[in-house]
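Residues per chain, in single letters:
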Amino acid sequence: MSGQEQIRHHRKDGAEPPEETPVAPQAQTQISTEAVDSILDDIDSVLETNAEEFVRNFVQKGGQ
Amino acid sequence: MKRIFGLETEYGLAYTQGESRRVGPEEIARYLFRPVVEWGRSSNVFLPNGARLYLDVGSHPEYATAECDRLPDLLAQDAAGDQIMVELLGQAQQALTADGIDGRAHLVKNNVDSAGNSYGSHENFLIRRSMDFSHLTTVLLPFLVTRQLLVGAGAIIPAKVTTELKPADSNRANPHAPARTPQLDPGQLQFGLSARSDVMWEGVSSATTRSRPIINTRDEPHADAEKYRRLHVIVGDSSMSQTTTELKVGSAALVLDLIETGVPIEDLSLRNPIRDIRRVARDLTGRTELELSSGQTMTTLELLGIYLRRAQKLVTKGDHSLGDDATAARVIDRWQRMLTAVDTGDFALVAGEIDWVIKRQLFDRYIARGDIELSDPRIARLDFAYHDLTPQTSIFKQFEAKGAAARAVAPESVEQARHHPPATTRAHLRGQFVAGAQGAGKDYTVDWVHLRLNDQLQRAVVLKDPFSAEHEQAEKLIAGLDGEPAAFDV
């Protein structure tokens, strides 16, 4: 991709050191795991069958 | 204090392949807008509820709410837009099927596609021309950089920040041309607050510059330009959760109220807002130290806490623009609980109210069940499913149906807003005019400010005051239309 070249080109001026991301505090269970599981069960076959193809083709031409 | 609010939403279109040929977003958009074109003879129409429905450049279906002067009206109008789009989608699916196409079209209310194109949400706030605009943006910008901790949609983003890129690498001269997230080697991914942060390259600028600003200074007030200007905020995510939308727009409006009522606020300007918006997006704990122009440092949580306390005082005095005190109190309460939730890690405090929190729980659970990586396409697919409005495949709608996602607007209010404009703004006149002219079978031209019947030689009625639901000439024009007002029923 053409952007890749430019990225390397600009890195020398003002490169950012990699940031250390603080670790998130352990989240409590806010919505019941059963509810989430039942939703995931319903979508599971969709995720298993065509995820890659769907994602690859999810490209929009426009934008703000 | 009164203010006009508006929300514009660009929707994404996707397709699940069946046995027949592939259908792309442009073609789905044409199917989607077929009933709109039949109704209004254009793919760019104003509806009887005062809103604008149109196909944006590049076949993005877009819905812009009517002018609202109360936050609850805005939420209803926004939800009505989703509903109208879903109804159009249902019709499009039927038409596709009738044409022998067996795949499924999807309507997605999200913020980024697989190629890194960014789109989604524009928030509009009417502000007084008498305001010192530069002071306003100085106070507002640090808030907008950090607001994502309260209301981000949640996104899988590269763990490394990418501020070394120059604006020219990711942006374009035409504000309506696609904007791309720079395609770095993704490397390590992480769950972050918002994908929009990585496509922001300037704090404040006009749309004609090359880089995408957090606040766009395009000055189209759609009102008396001597009195008003329109603040165009393009940094926010589209929200699935109504309670997230309420906090997103409500908190920003309260910060504007602070500025416009002249409350003195210390200078919280960030030294490097564009670097910081990326750092904030990558920190779910709110503890990233931000460097202020004054030389002080402050965490995201501290900064949002300062704005909260100021806003709280304003709300206590009743000096706010949200429309009613109960709404304002709700916004303050959710803001407070969210900061506490982030601070303590007890996200049960905001259960079902904030998009990124709901989405993170969904992802965490999915990863735990399947032992998969964040880079797995099934995670990206799950992300799209969260934002999917397609009834058969929408995950968020299931959260709502199970009572696991809170609502901020009653279904009856959404139904009302689906057909009727807000009663207290200029949109009231526009909506009546559109319905009346449609019912009378008249040719007409309408935009945010003008109403005109094409067969009359008289000039357009000009509605320069968005706060006024009354206008003698407009009322006369509407009264002169014969026949029953027509609904937009698709």
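Every chain is numbered on its own, with residues counted from 1 as its sequence reads. Chain letters and ligand numbers both follow the written order, the letters beginning at A and the numbers at 1. Local features in this predicted model are restricted to residues of pLDDT 70 or higher, and side-chain atom pairs are both shown and tallied only at a pLDDT of 80 or more, whereas totals for entire chains, interfaces and linings draw on every residue.

A. Seen up close, the overall build of chain B. The helix count covers DSSP runs of H or I at least four residues long, the strand count covers runs of E at least two residues long, and both are numbered beginning at the N terminus. Scanning chain B from terminus to terminus reveals 15 helices and 17 strands. Our radius of gyration looks at C-alpha atoms and nothing else; its globule reference is 2.2 Å times the residue count to the power 0.38. Rg of the C-alpha trace for chain B: 22 Å, near the compact-globule value of 23 Å for 490 residues, within the 12% margin. By principal-axis analysis of the C-alpha atoms, chain B measures approximately 65 × 60 × 45 Å. Put plainly, a residue is buried at 20 or more neighbouring C-beta atoms within 10 Å of its own, exposed at 12 or fewer, and partly exposed in between, counting only other residues' C-beta atoms, which are placed from the backbone. The proportion of buried residues among the 490 residues of chain B is 55%. Considering only residue pairs separated by 6 or more positions, chain B has 71% of its internal contacts joining residues 24 or more positions apart. Each residue gets a C-beta atom placed from its backbone, and two residues are in contact if those atoms lie within 7 Å.

B. View of the environment of Ile-156 of chain B. Mapped onto the elements of the fold, Ile-156 of chain B is located in strand 8 (residues 155-158). Contacts of Ile-156 of chain B, omitting those with residues within four sequence positions, involve Leu-189, Phe-191, Leu-374, Ile-379, Ala-380 and Asp-383 of chain B.

C. Here's a closer look at the sheet that holds strand 7 (residues 121-128) of chain B. Residues and elements named next belong to chain B. By definition, two strands form a pair when at least two bridges between them are found by DSSP. An order of 3-4-5-1-7-12-11-10 is seen for the eight strands of this open sheet, with the pairing classed as mixed. Each of the sheet's edge strands pairs with one partner strand only, and the pair in question is strand 3 (44-46) and strand 10 (202-205). With strand direction ignored, the average angle separating the axes of adjacent strands in the sheet is 20°. The pairing of strand 1 (residues 5-10) with strand 7 spans five bridges and is classified as antiparallel. By the bridge assignment, Gly-6 is partnered in strand 7 with Asn-124. Here helix 1 (residues 25-40) sits on the sheet in contact with strand 3, strand 4 (52-56) and strand 5 (60-64), set at roughly 135° to strand 4. The axes are straight lines fitted to the C-alpha atoms, using for helices just the contacting stretch, and the angles between their N-to-C directions are given from 0 to 180°.

D. Fine view of the environment of Gln-188 of chain B. Residue and element names in this part refer to chain B. Residue placement: Gln-188 occurs in the loop between helix 5 (167-170) and strand 9 (189-192). Taking the C-beta count within 10 Å as the criterion, Gln-188 has 11 such neighbours and is therefore assigned exposed. Separated by 186 residues in the primary sequence, Gln-188 and Leu-374 have C-alpha atoms spaced 9.0 Å apart.

E. Quick peek at the pairing of strand 7 of chain B. Bridging between strand 7 of chain B and strand 12 (residues 228-233) of chain B involves six bridges; their strand directions are antiparallel. Bridge pairing in strand 12 of chain B links Phe-125 of chain B to Leu-231 of chain B.

F. Structural view of the sheet that holds strand 17 (residues 461-462) of chain B. Residue and element names in this part refer to chain B. Strand order in the open sheet made by the three strands is 15-16-17, with antiparallel pairing throughout. If you trace the sheet from one side to the other, it starts and ends with strand 15 (444-446) and strand 17, each paired once. Here two bridges tie strand 16 (residues 450-453) to strand 17, and the two strands are oriented antiparallel to one another. Each residue of the ladder has a partner; that of His-450, found in strand 17, is Val-462.

G. Examining the nonpolar core more closely. All names here are of chain B. Counting residues in each nonpolar core, the largest one holds 154 residues, and the members touching the most others are Ile-28, Leu-140, Leu-144, Val-255 and Phe-433. Considering every element that reaches this core, the biggest residue donor is helix 2 (residues 71-98), with 12 residues. When near neighbours in sequence (up to four residues on either side) are disregarded, Val-255 contacts Leu-140, Phe-143, Tyr-307 and Ala-311. Only buried Ala, Val, Leu, Ile, Met, Phe, Trp, Tyr and Cys residues enter a nonpolar core, and they are joined through C-beta atoms within 7 Å.

H. A look at the pairing of strand 6 (residues 104-108) of chain B. Residue and element names in this part refer to chain B. Counting buried positions along strand 6 yields four of five residues, so the element is predominantly enclosed. Pairing geometry for strand 2 (residues 12-16) and strand 6, over five bridges, is antiparallel. Considered in strand 6, the bridge of Gly-12 is made with Val-108.

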